[in-house]
Amino acid sequence: MAEIGMGIGTDDGERKQVTVLFADVSGSMDLAEGQDPEEWRKIMQRFFALLAAAVERFEGTVDKFTGDGIMAVFGAPVAHEDHARRACYAALWMLDDVAEYAAELRRGPGLNFSVRIGINSGEVVAGAIGDGGDGSYTAIGHTVGLAQRMEALAEPGKAYLTESAAALAAGFLDLKELGPFEIKGASRPVDVFELVGVGAARSRLDLSRERGFSRFVGREREMETLEDALAQAETGEGAVVGIVAEAGVGKSRLGHEFCERCRQRGIEVFEAQAQAHGKSIPLMPVLQMLRAYFGIGDRDPDRIAREKVAGRALLLDSELGEDLPLIFDFLGIPDPGQPAPQMSGEARQRALGRIVCRLLGAPSRNHTVVLAIEDLHWMDEGSNAMLAQLIDSVAGTNTLALVNFRPEYRLDWGASSLYRRIELQPLGREDTRELLRDLAGEDPSLDGLEAPIHTRTQGNPFFVEEIVRELVEAGHLEGEHGAYRLARPVEEAGVPATVQAVLSARIDRLSADAKALLQVASVIGKEAGARALALTAGLDAEELDPAICELVEGGFLYEAELYPERVLAFRHPLTQEVAYGTQLGERRAATHAAAAQAMIELEPERLEELAALVGRHMELGGETREASRWFARAAHWAGHTRPQDALRLWQRVTALTEELDDDAETRALAVSSRMLQLEYAWRLGMDREQAEALADEATEIAERSGDVHAVALLKLLTAARPGVADRASEWVGAAKEAIRLADGTDDPALRVAVRSAGAYAYMCAGDLDAVERIADEILTLTAGDPSLGGGIVVDSPMSWGLMARSVALRERDRAEEAEALLDQALQLAAEHDDPETAGWARGSKSLLIADRGEHEAALGLARRNCELTERLGDVFSRTTASTALAYVQIAAGEHAAALTTIERTDREYREAMGAGGETEAWRSTLRARALLGAGRADEALVEIEWATATAKRREMGWQIPSALHTLALARAATGAPDAEEALDEATEAARSRGHLMTLRRTEADRAVLTAAAG
Ligand SMILES: Nc1ncnc2c1ncn2[C@@H]1O[C@H](COP(=O)(O)OP(=O)(O)OP(=O)(O)O)[C@@H](O)[C@H]1O
Ligand SMILES: [Mg+2]
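So, here's what we can say about the structure. As the structure is a prediction and not an experimental result, all values here were calculated from the model.

Cut-offs applied
- Residues numbered from 1 in each chain as written.
- Chains lettered and ligands numbered in written order.
- Predicted model: local features only at pLDDT ≥ 70, side-chain atom pairs only at ≥ 80, totals over all residues.
- Heavy atoms only, no water.
- Pairing = 2+ DSSP bridges.
- Helix = DSSP H or I, 4+ residues; strand = E, 2+ residues; numbered from the N terminus.
- Axes fitted to C-alpha atoms, helices over the stretch in contact; angles between N-to-C directions.
- Core = buried A, V, L, I, M, F, W, Y, C linked by side-chain atoms within 4.5 Å.
- Buried < 20%, exposed > 50% of the residue type's maximum accessible area, 1.4 Å probe, protein only.
- Contact = heavy atoms within 4.5 Å.
- Lys, Arg positive; Asp, Glu negative; His and termini not counted.
- Salt bridge = Lys/Arg side-chain N within 4 Å of Asp/Glu carboxyl O.
- Parallel < 35°, antiparallel > 145°, perpendicular 65-115°, else oblique.
- Left-handed = near helix turned anticlockwise from the far one by under 90°.
- Nonpolar A, V, L, I, M, F, W, Y, C, P; charged D, E, K, R; others polar.
- Near = heavy atom within 4 Å.
- Polar contact = N/O pair within 3.5 Å; in protein donor to acceptor, adjacent residues only side chain to side chain.
- Phe/Tyr/Trp six-rings, centres within 6.5 Å; stacked < 30°, edge-to-face > 60°.
- Lys NZ or Arg CZ within 6 Å of the ring centre and 35° of its normal.

Read from one edge to the other, the open sheet built from three strands follows the order β16-β18-β17, with strand pairing classed as antiparallel. This sheet does not close on itself; its edge strands, each paired only once, are β16 (527-529) and β17 (557-561). The mean angle between the axes of side-by-side strands here comes to 35°, regardless of whether they run parallel or antiparallel. Bridge analysis of β17 against strand β18 (residues 567-570) gives four bridges, and the strand direction is antiparallel. Pairing of Glu561 across the sheet is with Val567, part of β18.

Okay, here's the thing in structure tokens:
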């Protein structure tokens, strides 16, 4: 077995969204001179220690010590969803600490120090560098350089942010915009911000509120549960509700809406929340809760704050009096006259817990309160322990404790009988639509946006909001909030940085194996079979299962199928995008190539079907030659059954051959991919210039490599194919030349293929003898092999030959023989997968049946044929089928319907091909007949004059007699002169070409005309 696997866990780098911070202690160099080096070293070490401590406090990584400062990274190696915020907090901390120490140095040795800080957010490549991967972990990229430039720009004692860091931190931090700066290395001016202090927003929801909430949608059932719990609390039983969901699903918003309702009813609500970076600040949520409870404002002087605390505490419970010093101390408002008792940290915490329970339990004896605590998953241990105590004390009070957390949080008190859990689901389709309308508006140009946004976000409202914001920022949406228009189509929208931060933080919490497997899965696609996963990742079952288990339990993947094989799919497309995007290009490419190999190995019987996918993986895996082969295989397989796909695939092959070494195989692919594009071009429509360029390129390459086959076919494709604007004589000339060239080879397949296209040229020229002769040659050459020469022009030339012959026979007025041949052709086409020829044959047969006067049957067949060719999707087959339908409708006397059909057909053809093609005069003749039938003779006359002139100009011998015939009828109907002359000319044209059926019809009408004239 080939070595396919990637070998899991050998990752040596990743792309990550991070915030980089540079801090340097300035003024140091010139000071160094007058300073005792030993002293100096001590001072600098102290500075470094202060800076590093601030970084560590917010769980950043000190990447390196520069000469007089540090570089730190937040969000790597482990991603943090609030990386920019953490960097800013660290910066504030640094500024404070350094300022304090600097003041000390000024007072003491009289030295002047200050720190400058630069902050930038963006993508870096992070990993170990150095030989053998044992080098130290570091971040590299433009993002790093820009952070350093910010630092150089910053004034002493200040921290500067780039716009991208500011965008992530705004609201949480107080920023002052300094305007655009030209920065070396940046292609455009960068908006710079100064970090001023901590902002008003504590959570993302605060930020949303500041920006203006989107309309609250859905959540009726969850509200009921909350109301229920509140009712239970009001009875004095107490209640606890936990809202659980992934980031952004709407836990906080639901809680917020409910708390607002409570407040409006006069129920007191106290809120607290844990912070992502808050584990390092013990008991912060408890502190917050108490401050809220006592109504202490940020700017209250200590004395006022103490009065508030004492007043409220004593009012509730006079016994709390003795605990006041401890409470003051904890709240950071110590009373100098009454210091807190000395006790161990643990004892202090226990005492606090008891106080909290008494405080929060107490008021509910009189009236109902709601305690809302957010984001338990970020809570420090101390707060957690205190929360468990608090939950216990809720029983038998009028308290409703409402908490929320993400699924990874394991709660210790879930067994409490008071506890109810709300598993909050993402928004449903309807609610998502409503949210989207509220955010973006209802302009019709947005119609196409809803489905992809729903698919990408899976109803996560945070993702919906961020994606809309991203679309606005990227200029896809124009207008204003709630009333946007689509200005630029959205082909590829990136993952918003905010969303990416959330998702990569989740991914980084996985074990190394699970994370690596997730990355492999993201390369394979939205879905991956377990065997393909194992083979691509190079894992055996024992290693695979635990990793899959972790991913399924963590909600990253789900089991889309269990039988016959376990198939795992991404729950969230954005997770896949992020997991994919974080891998280094080289490694990702290797995984793509491994995925292709795994497919080849695992699905040998489905390779045709999978060829396009294998090709795609090969291409992304850098295996260009393999990719071009697989795309060619896929294109052949798509063939005439899915012509659009085939065309697209051949285009890929052409593009890939440009990158390959110029050898025989490349040239052959370069020619055939272009030829086959041309093959589909006349069926599907293609820009004229584009088609000509393709033909020129292909001819040049084919001649250079002496490929007679290709030269013959190109002759056909450029000059003797349907849709060419030339006169029929030139067309026939080109067909003859192509046949001559092909006959110069001894390749029967080529000779047959060239003839199947040639027959059509003769058909249009109205040369029945030649059509029959060529059809016979096809039948002789194929010698009973229905697929010989297939796949070049049509899929079954033998079937096509029979069909061509029958067309000639019908025109010779030998309907029965024609029909027998058609039946044979149809059967062969069906058996040998040639839906295109089958379409032609069915259309021709509907004409024969209509000619016989069996209109219902003819209509049925013609309509069915339209349906079937519609599925085929190419314009050529489709318009041929609907032209036949128009003919049958006229025969059946359904003139209005025929008119609609033929007008639609003509429009469709012209739109796709940019011209009317070789059948334009025939369609025009049918339109004239339908107009005549509908009693609109004047219009019919104008139409048929154009048809006759066109058929003659282009020498379409097949159409000339019937056009003249119709002209005669139109002239007679309008009383225009020369009706009989036209009929004479029609008769002569039909007779000279042996078009006996048309001849019979002109003669039949002659009697009518003469009678009318007489
Ligand atoms: N039902 C809803 N209707 C309208 N908007 C909503 C709804 N639910 C949530 N949102 C919006 O989606 C965004 C994310 O919601 P929210 O902050 O409540 O998520 P969360 O689950 O608390 O996430 P996290 O775990 O990150 O705290 C917010 O801007 C919020 O206003
Ligand atoms: Mg929240």
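Moving on from the model shown.
Before going further, it helps to spend a moment on the nonpolar core. Counting residues in each nonpolar core, the largest one holds 92 residues, and the members touching the most others are Trp650, Val754, Tyr760, Trp800 and Met803. In terms of residues, this core owes the most to one element, helix α30 (residues 748-765), which gives 12 residues. Discounting residues that sit within four places of it in the chain, Trp650 has contacts with Ala632, Ala635, His636, Ser673, Leu676, Gln677 and Tyr680. If you look at the next biggest cluster of nonpolar residues, it comprises 51 residues, including Val240, Leu324, Leu352 and Ala401.

With that out of the way, let us pick up the side chain of Glu465. With respect to the helices and strands, Glu465 occurs in helix α16 (residues 461-473). No salt bridge is formed by the buried Glu465. Its closest oppositely charged neighbour is Arg253, at 5.1 Å. Excluding residues that lie within four positions of it along the chain, Glu465 makes contacts with Ser208, Ser214 and Leu439.

Look at helix α38 (residues 920-933) against helix α40 (residues 960-974): their axes get within 10 Å of each other, and the N-to-C directions meet at 25°. If you check the angle between α38 and α40, you find them roughly parallel. As for the relative orientation of α38 and α40, their crossing is left-handed in sense. Contacts from Trp922, Thr925, Ala928, Arg929 and Leu932 of α38 reach α40 at Ser962, Ala963, Thr966, Leu969, Ala970 and Ala973. Of the residues assigned to the contact of α38 with α40, the class counts are seven nonpolar, three polar and one charged.

Once that is clear, we can look at the sheet that holds strand β12 (residues 399-405). Strand order in this open sheet of five strands is β10-β11-β12-β9-β13, and the pairing throughout is parallel. Looking at the sheet topology across the chains shown, the edges are occupied by β10 (268-273) and β13 (419-423). The mean inter-strand angle of the sheet, taken between neighbouring strand axes irrespective of direction, is 15°. Bridge count between strand β9 (residues 239-244) and β12: six bridges; the pairing is parallel. Of the residues in β12, the one forming a bridge with Val240 is Ala401.

It is worth spelling out the site of ligand 1 at this point. The local shell around ligand 1 holds 24 residues, among which Arg204, Gly248, Lys251, Ser252 and Glu465 are the closest. In the model, an oxygen atom of ligand 1 is placed 2.6 Å from a nitrogen or oxygen of the Lys251 side chain. With respect to ligand 1, the backbone of Arg253 contributes an N or O atom lying 2.7 Å from an oxygen atom. Mapped onto the shell around ligand 1, the elements with two or more residues apiece are α6 (204-211), α8 (251-264) and α16. Of the residues that constitute the shell around ligand 1, the class distribution is 10 nonpolar, five polar and nine charged.

What follows covers the side chain of Asp508. Tracing the backbone shows Asp508 in helix α17 (residues 497-508). Beyond its immediate sequence surroundings of up to four residues, Asp508 is in contact with Lys16, Pro77, Val78, Ala79 and Lys515.

Glancing now at the packing of α16 against α17. Between α16 and α17, whose axes approach to 9 Å, the crossing angle comes to 145°. Residues Phe462, Phe463 and Glu466 of α16 touch α17, and the partners they reach there are Thr498, Val499, Val502 and Leu503. The residue inventory of the contact of α16 with α17, partitioned by class, reads five nonpolar, one polar and one charged.

On to the packing of aromatic side chains, then. Evaluated as defined, the whole model comprises 17 aromatic pairs. Note on Trp731 and Tyr760: the rings are 5.8 Å apart at their centroids and 75° apart in plane angle, and the pair reads as edge-to-face. Taken together, the residues Trp731 in helix α29 (residues 728-743) and Tyr760 in helix α30 connect sequence positions 29 residues apart. Aromatic ring contacts, followed pair by pair, group Trp731, Tyr760, Trp800, Trp840 and Phe876 into a single cluster. Above the plane of the ring of Tyr293 lies Arg312, whose end atom (NZ or CZ) is 4.4 Å from the centre.

Read these as layout, nothing more, since geometry by itself doesn't imply function.
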